[in-house]
Amino acid sequence: MKKTLLLAGVACLFSYSANAMDLSQDIRPYVGLDYVYSHANYKNDASRLEKNKFIKDDYNSGAINAGVMIDDYTSIEAFYQQSGTRKGDTNYVDGVNHKAKTKFNAYGLDIYGYLPMGCSDFSLLGTVGAANYDLEIKNGPSKETSSRIGYRAGVGAQYKFNENWSARIVGRYSYIGTKQVDNLMEATAGIRYTF
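Keep in mind the model is a prediction, meaning the values are calculated, not measured. Within each chain, residues carry numbers counting from 1 in the order of the written sequence. Since the coordinates come from a predicted model, pLDDT governs what is reported: local features require at least 70, and pairs of side-chain atoms require 80 or more to be given and counted, while whole-chain, interface and lining totals use all residues. The basis for every side-chain value is the complete set of heavy atoms in the structure, and neither hydrogens nor water enter the calculation.

## Observations regarding the nonpolar core
Counted only if it meets this: Buried Ala, Val, Leu, Ile, Met, Phe, Trp, Tyr and Cys residues that are joined via side-chain atoms within 4.5 Å together make up what is termed a nonpolar core. Note on classification: 1.4 Å probe, protein chains only; a residue is buried when its accessible area is under 20% of the maximum for its type, exposed when over 50%, partly exposed between these limits. To qualify as a helix, a DSSP run of H or I must reach at least 4 residues; to qualify as a strand, a run of E must reach at least 2; elements of each kind are numbered from the N terminus. In what follows, a contact means two residues having at least one pair of non-hydrogen atoms within 4.5 Å.
Core analysis: the biggest nonpolar cluster contains 17 residues, and Tyr 42, Tyr 133, Val 181 and Leu 184 have the highest contact counts within it. The element that contributes the greatest number of residues to this core is strand 6 (residues 122-139), accounting for 4 residues. Not counting chain neighbours up to four residues away, the residues in contact with Tyr 42 comprise Ser 47, Glu 50, Ile 55, Lys 56, Asp 57, Tyr 59, Thr 102, Ile 137, Gln 180 and Val 181.

Below, the structure written as structure tokens:
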């Protein structure tokens, strides 16, 4: 009886090791670059400034990311995004002309799910994640900054050109909930290189 249990235990260990080796062959790291267009939904004083065109509500950003394809259907990705500084129309603060400036950056983690479409290299995708958003609104001598963790969700598509290169587009909603910005609506387009 003891020999049978010992042999069964050894067989289980060998089968677990074989499965672990198969899993390690499925894990593939990748890196990517994205262009991101963001539309901010302002609130409170920032909303008043935006309505008067003193601050802008759209941003052009660049994002870099690194991720791991766990299998053909799932990946985990870390990213960093930096917007350009946006200047609004001229306004008067304490009798002096000013142009309000706004910008933000974000970094975080997303999980992607892929749905391959037939035999083609085209996949639909969905994503959820969280990010830390650092926002800055500078209006004349006053400057407001805030930092907050926001939640993100999106849908998109990816096309694989070959085993290494692919292109991806994603539409995303990001809830931030700071004093100045309620949410961001974003569209991204980028490339990936899988190792």
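## So, empty space enclosed by the protein
We count it as follows: A 1.4 Å probe that fits into a set of points on a 1 Å grid over the protein atoms alone but cannot get out defines a cavity; an open set with protein on both sides within 12 Å along at least five of seven lines defines a pocket, and lining residues are those with an atom within 4 Å of a point. Grid points are joined across faces, edges and corners, and a volume is the space filled by probe spheres set on the points. The nonpolar class holds Ala, Val, Leu, Ile, Met, Phe, Trp, Tyr, Cys and Pro. Asp, Glu, Lys and Arg form the charged class, and all remaining residues, Gly among them, are polar.
Considering all chains together, one arrives at 2 cavities of 30 Å³ or more under this definition. Looking at the largest cavity, its volume works out to about 100 Å³. Surrounding the largest cavity, 15 residues form its lining, Asp 34, Ala 63, Arg 152, Arg 172 and Thr 188 being those nearest its centre. Sorting the residues of the lining of the largest cavity by element identifies strand 1 (28-42), strand 2 (58-69), strand 3 (74-83), strand 5 (96-116), strand 8 (165-175) and strand 9 (181-194) as the ones contributing at least two each. Partitioned by chemical class, the residues of the lining of the largest cavity number 5 nonpolar, 3 polar and 7 charged. By volume, the second largest cavity is sized at about 70 Å³. Every residue along the wall of the second largest cavity is listed here: Ala 40, Tyr 42, Tyr 59, Thr 102, Lys 103, Phe 104, Leu 135, Glu 136, Ile 137, Val 181 and Leu 184. Elements with a minimum of two residues in the lining of the second largest cavity: strand 1, strand 5, strand 6 and strand 9. For the lining of the second largest cavity, the class distribution of residues is 8 nonpolar, 1 polar and 2 charged.

## Things to note about the packing of aromatic side chains
Geometry of an aromatic ring pair is reported as the spacing of the ring centres plus the angle between the planes. Formally: Paired rings are identified among Phe, Tyr and Trp, the last through its six-membered ring, by centres lying within 6.5 Å, and are further divided according to the angle between planes into stacked (under 30 degrees), edge-to-face (over 60) and tilted (the rest). A ring has a charge above it when a Lys NZ or an Arg CZ is no more than 6 Å from the ring centre and no more than 35 degrees off the ring normal.
In total, this model carries 5 aromatic pairs according to the counting rule given. Pairing Tyr 159 with Phe 161 gives two aromatic rings, centres 5.3 Å apart and planes at 75°, and the pair type is edge-to-face. The exposed category is assigned to Phe 161, whose relative accessible area is 52%. Aromatic side chains Trp 165 and Tyr 193 sit 4.9 Å apart centroid to centroid with 65° between the ring planes, which places their arrangement in the edge-to-face category. One end of the pair, Trp 165, is in strand 8; the other, Tyr 193, is in strand 9, with 28 residues separating them in the sequence. A residue is classified by how much of its surface remains accessible, and Tyr 193, at 28% relative accessible area, is partly exposed. Members of the aromatic cluster, connected to one another through ring pairs, are Trp 165, Tyr 193 and Phe 195. The ring of Tyr 112 has Arg 168 sitting right over it, with the charged end atom 4.2 Å from the ring centre.

## Observations regarding helix 2 (residues 44-51)
Because the α-helix completes a turn every 3.6 residues, residues three or four places apart line up on one side. The condition that has to hold: Throughout, the arc means the angular range of directions from the helix axis out to the C-beta atoms.
Within the span of helix 2, buried status applies to Ala 46, Ser 47, Leu 49 and Glu 50. Relative to the axis of helix 2, the buried residues are bounded by an arc of 160° and lie together on one face. The exposed residues of helix 2 that point more than 90 degrees off its buried face are Asn 44 and Lys 51. Those residues of helix 2 that are buried are in contact with strand 1 and strand 6. Looking one or two residues beyond helix 2, the residue adopting positive phi is Lys 53, at roughly 70°.

## Side note on a positive patch on the surface
Definition in use: Only residues whose relative accessible area exceeds 30% and that form no salt bridge are eligible for patches; like-charged ones are grouped when within 9 Å, while nonpolar side chains (Val, Leu, Ile, Met, Phe, Trp, Tyr) are grouped when within 5 Å. Using a 1.4 Å probe, the Shrake-Rupley method yields the accessible areas, and only the shown protein chains count as cover for residues. The term salt bridge refers to a side-chain nitrogen of Lys or Arg lying within 4 Å of a carboxyl oxygen of Asp or Glu. Note on charges: Lys and Arg go in the positive column, Asp and Glu in the negative column, and His and the chain ends are not counted at all. Charged side chains are reduced to one point each, which is NZ for Lys, CZ for Arg, CG for Asp and CD for Glu.
The grouping of Lys 87, Lys 99, Lys 101, Lys 103 and Lys 138 at the surface amounts to a positive patch. Here Lys 101 falls in the partly exposed class, since its relative accessible area comes to 36%.

## Some thoughts on a nonpolar patch on the surface
Together, Leu 33, Ile 64, Tyr 80, Tyr 107, Leu 115, Met 117, Phe 122, Leu 124, Tyr 159, Phe 161, Trp 165 and Ile 191 give the surface a local cluster of nonpolar side chains, amounting to about 1,200 Å² of exposed area. For the nonpolar patch, the secondary structure elements donating two or more residues are strand 5 and strand 6. In this fold, Met 117 is placed in the loop between strand 5 and strand 6.

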